[in-house]
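These are the residues of each chain, in order.
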Amino acid sequence: MKFLVCNTYEEASQEAAKIFEEQLRTKPSSVLGLATGSTPLGLYRELIRAYQLGGLDFSAVTTINLDEYYPIAPTHEQSYRYFMNENLFKHINVDPAKTFVPDGQAASPEDESVSYDERIKRLGGIDLQLLGIGENGHIGFNEPSDALRMDTHVEVLTESTRKANARFFQSIDEVPTHAITMGMAGIMTAKKILLLACGKNKHEVVKAMQDKTVTTQIPATLLKCHPDMTLICDRAAFEGR
Ligand code: F6R
C-alpha cells in the first residue's frame, strides 16, 4: 500500500486528481470506478477544472459507480445518480450513455446486481477504482460483518451508516434502509485502487489501515492485500484532530 498524508483536504484532492490525470494520459479509454459522498467532491472539482483548462479528455472514458440507495429515483436529490450528474458528469465531456450507477428503481434489485457484475466483466474490469471510507470502515456499502459478499448485492445499511448519512436528508427516517453495492470482488479486481480518507472522523479507520492485519469487521482493511492501492488522507484523518 502506498500511503500519502497531505496537509489539507484541498491538497489531498489535488494529489488524487494527479492519479486520475495520469490514468487518463496512460489510457484515455479507462474504466473509472467512482464513489459519492463528501470526500470525492474536491477531487471532482479538480477534474472539472483540469477538463475546463483543456488538459483532460473524458470522451473515451466509461464510469461505473460503486453503489446506489434502494429504492430511490434517479431524480431524487440524494440519489447517487443525481449526485454524479450534478457534481461531475454534466461538467465534463463524458458520454452520459457510458456512465453507470446501479438502478435504484430496478423492479428486482437482485437481477440488477447480477447485470451490474456482468457489465463490469464486459467492460474488462475497472482500471482505477476510487473509494471513500465509512467511519465504520465500509467501502461501497460493504458493511462490517463476519463475512463479506464478493458480488454486487443488496445490503441492509447499518444504523451507524444511516446516521452518518442523515445529514443529507431531512431526517434519519428518510435515509433509505437498503443499497445496491458493488461487492468485494468488483472492488478488489480493479487494476488500481485509490482510497481517500479526510476529516478527523476517519482517524480510527485510517489507523486500522496502517497495521498488518485485515478484518471483515473493517472491510477497508482487505484493500491492504491489493497489489496497487494508494491511500491518501489529510492531516486531520491522520492525527485525529
Ligand atoms: C459512496 C460510498 C461510501 C462512502 C463513505 C464515505 O459511494 O460508497 O462508501 O465513500 O460512506 O462517505 P463520505 O465521503 O461522505 O464520508
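Our subject is the structure listed above.
Report follows, based on the coordinates. (Residues numbered from 1 in each chain as written. Predicted model: local features only at pLDDT ≥ 70, side-chain atom pairs only at ≥ 80, totals over all residues. Heavy atoms only, no water.)

1. Looking at the pattern of salt bridges
Thinking step 1. Tallying each qualifying case throughout the model produces 14 salt bridges.
Thinking step 2. Asp-127 is the salt-bridge partner of Lys-27, the closest N and O atoms lying 3.0 Å from each other. Placement of Lys-27 in the loop between helix H1 (9–26) and strand E2 (31–34) and of Asp-127 in the loop between helix H4 (109–122) and strand E6 (128–131) is noted, with a sequence separation of 100 residues between them.
Thinking step 3. For Glu-159, the salt bridge is made with Arg-162, and the minimal N-O distance between the two is 3.8 Å. With Glu-159 and Arg-162 both in helix H5 (residues 159–165) and 3 residues apart, the pair spans about one turn of that helix. (Salt bridge = Lys/Arg side-chain N within 4 Å of Asp/Glu carboxyl O. Helix = DSSP H or I, 4+ residues; strand = E, 2+ residues; numbered from the N terminus.)

2. Observations regarding the site of the ligand
Thinking step 1. With respect to spatial proximity, 14 residues lie near the ligand, and among them Thr-39, Asp-67, His-138, Gly-140 and Lys-202 are the closest.
Thinking step 2. Take Asp-67: an N or O atom from its side chain is 2.6 Å from an oxygen atom of the ligand.
Thinking step 3. Note that an oxygen atom of the ligand is positioned 3.1 Å from one of the side-chain N or O atoms of Arg-167.
Thinking step 4. In the complex, the protein chains occlude 93% of the 410 Å² of accessible area that the ligand would expose alone.
Thinking step 5. Of the residues belonging to the shell around the ligand, the class tally is 3 nonpolar, 8 polar and 3 charged. (Near = heavy atom within 4 Å. Polar contact = N/O pair within 3.5 Å; in protein donor to acceptor, adjacent residues only side chain to side chain. Areas by Shrake-Rupley, 256 points an atom, 1.4 Å probe, with all protein chains shown as cover. Nonpolar A, V, L, I, M, F, W, Y, C, P; charged D, E, K, R; others polar.)

3. Describing the sheet that holds E6
Where strands meet in a sheet, backbone hydrogen bonds hold them as pairs that are either parallel or antiparallel.
Thinking step 1. Strand order in the open sheet made by the 7 strands is E1-E10-E9-E6-E2-E3-E5, with parallel pairing throughout. Where the open sheet ends on each side, the last strands, each with one partner, are strand E1 (2–6) and strand E5 (99–100).
Thinking step 2. Inspection of the sheet shows E2 paired to strand E3 (residues 62–65) by 4 bridges, in the parallel sense. In the sheet register, Leu-34 faces E3, and the bridge partner there is Asn-65.
Thinking step 3. Relative to E3, H4 is tilted by about 145°, and along the sheet it contacts E3 and E5. (Pairing = 2+ DSSP bridges. Contact = heavy atoms within 4.5 Å. Axes fitted to C-alpha atoms, helices over the stretch in contact; angles between N-to-C directions.)

4. As for the nonpolar core
Thinking step 1. Counting residues in each nonpolar core, the largest one holds 55 residues, and the members touching the most others are Phe-20, Leu-43, Tyr-44, Leu-47, Leu-88 and Leu-223.
Thinking step 2. The contacts of Leu-43, once residues within four sequence positions are left out, are Ser-13, Ala-16, Ala-17, Phe-20, Leu-130 and Leu-196.
Thinking step 3. Grouped together as the second largest cluster of nonpolar side chains are 10 residues, Ile-72, Val-101, Ala-166 and Phe-169 included. (Core = buried A, V, L, I, M, F, W, Y, C linked by side-chain atoms within 4.5 Å. Buried < 20%, exposed > 50% of the residue type's maximum accessible area, 1.4 Å probe, protein only.)

5. Brief notes about the sheet that holds strand E4 (residues 67–70)
Thinking step 1. Pairing is antiparallel across the open sheet formed by 3 strands, whose spatial order is E4-E8-E7. Two strands close off the open sheet at either side, each with one partner strand: E4 and strand E7 (153–156). If you compare each strand with its neighbour and ignore which way they point, the axes differ by 30° on average.
Thinking step 2. One ladder, built from 4 bridges, connects E4 with strand E8 (residues 178–181); its direction is antiparallel. Among the inter-strand pairings, Glu-68 is bridged to a residue of E8, identified as Ile-180.
Thinking step 3. The strands touched by H4 are E4, E7 and E8; relative to E7, the strand with the most contacts, the crossing angle is about 125°.

6. Quick word on the pairing of E3
Thinking step 1. Here E3 shows no split at all, with Thr-62 and Ile-64 on one side and Thr-63 and Asn-65 on the other all buried.
Thinking step 2. Across 2 bridges, E3 lies against E5 in parallel orientation. Bridging across to E5, Ile-64 finds its partner in Phe-100.

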